[in-house]
2 protein chains.
Amino acid sequence: MTDPVPRGFRFAGVAAGIKKNGAADVALVVSDRPCNAAAVFTRNAFPAAPVQYDRDLLAERPAGLRGAAINSGCANACTGEGGLADAAAMAADAEAAAGLPPRSVVVMSTGVIGPRLPMAKIAAGLAAAAAQLAPDGWDAAARAIMTTDTRPKTAFRQVDGIRLFGMAKGAGMIHPNMATMLAAVVTDAEIAPAALDARLRQATAASFNSISIDGDTSTNDTLLVLANGAAGPVDADRFAAALTDLCADLARQIVRDGEGATKFITIAVQGATSDDDARRAAKAVANSPLVKTAFYGGDANWGRILAAVGYSGAAVDPGRADLWIEGQPGRLQLVAAGQPLAYSEELATAIFQGADIRVTVELGLAAGRATVWTCDLSHAYVDINGSYRT
Amino acid sequence: MTDPVPRGFRFAGVAAGIKKNGAADVALVVSDRPCNAAAVFTRNAFPAAPVQYDRDLLAERPAGLRGAAINSGCANACTGEGGLADAAAMAADAEAAAGLPPRSVVVMSTGVIGPRLPMAKIAAGLAAAAAQLAPDGWDAAARAIMTTDTRPKTAFRQVDGIRLFGMAKGAGMIHPNMATMLAAVVTDAEIAPAALDARLRQATAASFNSISIDGDTSTNDTLLVLANGAAGPVDADRFAAALTDLCADLARQIVRDGEGATKFITIAVQGATSDDDARRAAKAVANSPLVKTAFYGGDANWGRILAAVGYSGAAVDPGRADLWIEGQPGRLQLVAAGQPLAYSEELATAIFQGADIRVTVELGLAAGRATVWTCDLSHAYVDINGSYRT
């Protein structure tokens, strides 16, 4: 038995021929009643056309949205004025296909940056998707937004009779700065747009903004939440906790499916002068190609971890830093107050060779802390990205 | 016929058993007369012990140095108080071996971060090197400082009868923030310490600080210049030009020998609001794993270049950006004033598949410009760094 879908939402995913391999590439999400909406978008200075379209739409009507149309296979980014017109046309196509009012559908795109959207395929795909909309279409929708993902990412939560469902995609170009590449959350909670927006930003910081696969911030990052109110009002704090939990679940699924990833790595930095400084240090470790290849190779080359902390820009006193690594075989302290400790190379190697590794850096300065999730850097990442468009 | 070595300098390189593979790993550079010296060091907050030792030494006596002792195979970084004592002992060993006064020799180390220096091997190696010092020992010295380098990096320049020689090492953990991993330049010019320091910083900005292999800033980066005055005074501007040219030569050699590199890539950003902003944008492109794997795969996925500029933090107006790529087969404009142009996919692919590629991004805002040199990210980089210590 699967989790119950939020009341009043229907989903569909179809293959519209945008992807060369014939896989599903158009998803549609529709609410039977108007939704309050909130979204966070990429901070990339070249935002994709759908990001620009959605920003305007949400500013204009945060309380009257009916759904989202999403395609994979083409990002509609770096496409100039023509791309903006395509995004608007895609929204209009979705509204027409699903019988919704104008300016009620959010659009998202993901895939290759540069090419224009194939609009005839998009329109046909949206028409086909509209004909298949159903409450149990959520899995098909989640599959249709995949690019290099090897599996769909979905999550369900319930709180006080309210239901939440979320889906996300992303496996590369993942270093979200506001949100991951694409994620949509729908809920039947009744919650005002301003409160929804505040709770979404809170959830983002502790989920999508805490992961990194390759340090590349996409042009298309979008996290959307639609709340149609079908289940009535909800306690805002309890809703926020469930939303954060659901977003963190999706974010970890993205890391576990990182391009070429063979390991899941947690970087915890504590004792920093601020949470921001801790995050800066943790992200430097998470993004270091040298750290990531050492994890891939199972080589306990721990000096690279401190080297990355050292160039992160975070305030550091070398004489106060502690370092631990932890995994299936146990926990090992490698550095205490800046002094390297004698340690079992055998245990260190066993930890690094495991599939789930936790690194803890204690800076010993104050109470700032952050946790970042990342994956290793493997031959497969190079394979995938050396020939992404072919 | 080789270039003439600066007057009064002798060099040696020997195998002291620090590296497991038995390759040369101890180098010694000695001047017959006292040198004025200047150096730039890593900004990593965990500076290696030799960096800390040298900083003190140069502050104490910028005008009385006699040489440098360098080992590869062990970085003496993240080694605490014991490592500091080892660095001082290594300097004293070199001074004793070469019959030099105390506190006259700079030390540098490169290799694995974490382990302590094998001091008995270091002392024996320095004694052996001292016995072999000779003007034509420069090639042996340059080979003894290599780690994952596949070839030594050396360069000669002459200006107004003055001679300069430089050697450098570095193939990974290369994203210098002040200097590359290790480089030493010797000259027989007569130039005061303050002027030497100013000219060295100027040269660094346009050379070692303009390259990146993997975005990792080492704990050990050191660039040292020793000027023994044997050839008399020099015009400071002409000397600076020769020094900059020599440093840029060494820096490009490092990129061409980047770990696993198959291509040499020049990223030029112009039209930025400042040179700093241009450098920020160029470095983001140079460090992007997605851009670097696309170059490796010969896939003209140019959207990734603009995406990296977009997240670099540099001021950008998407409607003003131009993009060109250039290589053996020709030059191609891909974007004009933010609008993608129709282009020959065949020519774009041919350019990306070449071994020497130039990317130019025009931001159209002001006159800021920077050029950064980098390489691609290949399977071999993952091989090398997945098992560096084994």
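The structure under discussion appears in the preceding block.
Here is a short report on the structure shown in this document. (Residues numbered from 1 in each chain as written. Chains lettered and ligands numbered in written order. Predicted model: local features only at pLDDT ≥ 70, side-chain atom pairs only at ≥ 80, totals over all residues. Heavy atoms only, no water.)

Describing the nonpolar core
One broad rule of soluble globular proteins: the nonpolar side chains tend to lie buried together. Ranked by internal contacts, the top residues of the largest apolar core, which has 96 residues, are Leu323 of chain A together with Phe11 and Leu28 of chain B. Residue contributions to this core peak at 9 residues, all from strand β2 (residues 26-41) of chain B. Those residues in contact with Phe11 of chain B that sit more than four places away from it in its chain are Val5, Leu28, Val29, Gln132, Leu133, Ala134, Pro135, Gly137, Trp138, Ala141, Phe165 and Val186 of chain B. Counting residues in hydrophobic clusters, the runner-up holds 95 residues, among them Phe9, Ala27 and Ala141 of chain A together with Trp302 of chain B. (Core = buried A, V, L, I, M, F, W, Y, C linked by side-chain atoms within 4.5 Å. Buried < 20%, exposed > 50% of the residue type's maximum accessible area, 1.4 Å probe, protein only. Helix = DSSP H or I, 4+ residues; strand = E, 2+ residues; numbered from the N terminus. Contact = heavy atoms within 4.5 Å.)

Examining the relation of the copies chain A and chain B
Taken as rigid bodies, chain A and chain B are interconverted by a rotation of 180° and an axial shift of 0.0 Å, the fit giving an RMSD of 0.1 Å. Both copies are brought into coincidence by an operation consistent with a two-fold rotation axis. Considering only C-alpha atoms, the residue of chain A closest to the rotation axis is His379 of chain A, which sits at 2.8 Å. Interface residue correspondence from chain A to chain B reaches 100%, placing this contact among same-surface, isologous pairings. (Least-squares fit on C-alpha atoms with pLDDT ≥ 70 in both.)

A few points about the packing of aromatic side chains
Applying the stated criterion across every chain yields a total of 10 aromatic pairs over all chains. Counting every residue linked through ring pairs, the aromatic cluster contains Phe11, Trp138, Phe156 and Phe165 of chain A. Over the ring of Phe264 of chain A we find Arg256 of chain A; its NZ or CZ atom is 3.9 Å from the centre of that ring. A cation over an aromatic ring shows up here: Arg252 of chain B above the ring of Trp373 of chain B, its NZ or CZ 5.2 Å from the ring centre. (Phe/Tyr/Trp six-rings, centres within 6.5 Å; stacked < 30°, edge-to-face > 60°. Lys NZ or Arg CZ within 6 Å of the ring centre and 35° of its normal.)

Digging into the pattern of salt bridges
With the rule as written, the count across this model stands at 34 salt bridges over all chains. For Arg256 of chain A, the salt bridge identified is with Asp356 of chain A, shortest N-O distance 3.5 Å. Note that Arg256 of chain A is positioned in helix α6 (residues 236-256) and Asp356 of chain A in strand β14 (residues 356-362), a separation of 100 residues in sequence. Among the residues examined, Arg256 of chain A registers a relative accessible area of 43% and is labelled partly exposed. Notably, a salt bridge pairs Arg7 of chain B with Asp188 of chain B, separated by 2.6 Å at the nearest N-O pair. With Arg7 of chain B in the segment before β1 (9-14) and Asp188 of chain B in the loop between β7 (182-187) and α5 (193-205), the pair connects residues that are 181 residues apart, well separated along the chain. You can call Arg7 of chain B partly exposed: its relative accessible area is 31%. Using a relative accessible area of 0% as the deciding quantity, one classes Asp188 of chain B as buried. (Salt bridge = Lys/Arg side-chain N within 4 Å of Asp/Glu carboxyl O.)

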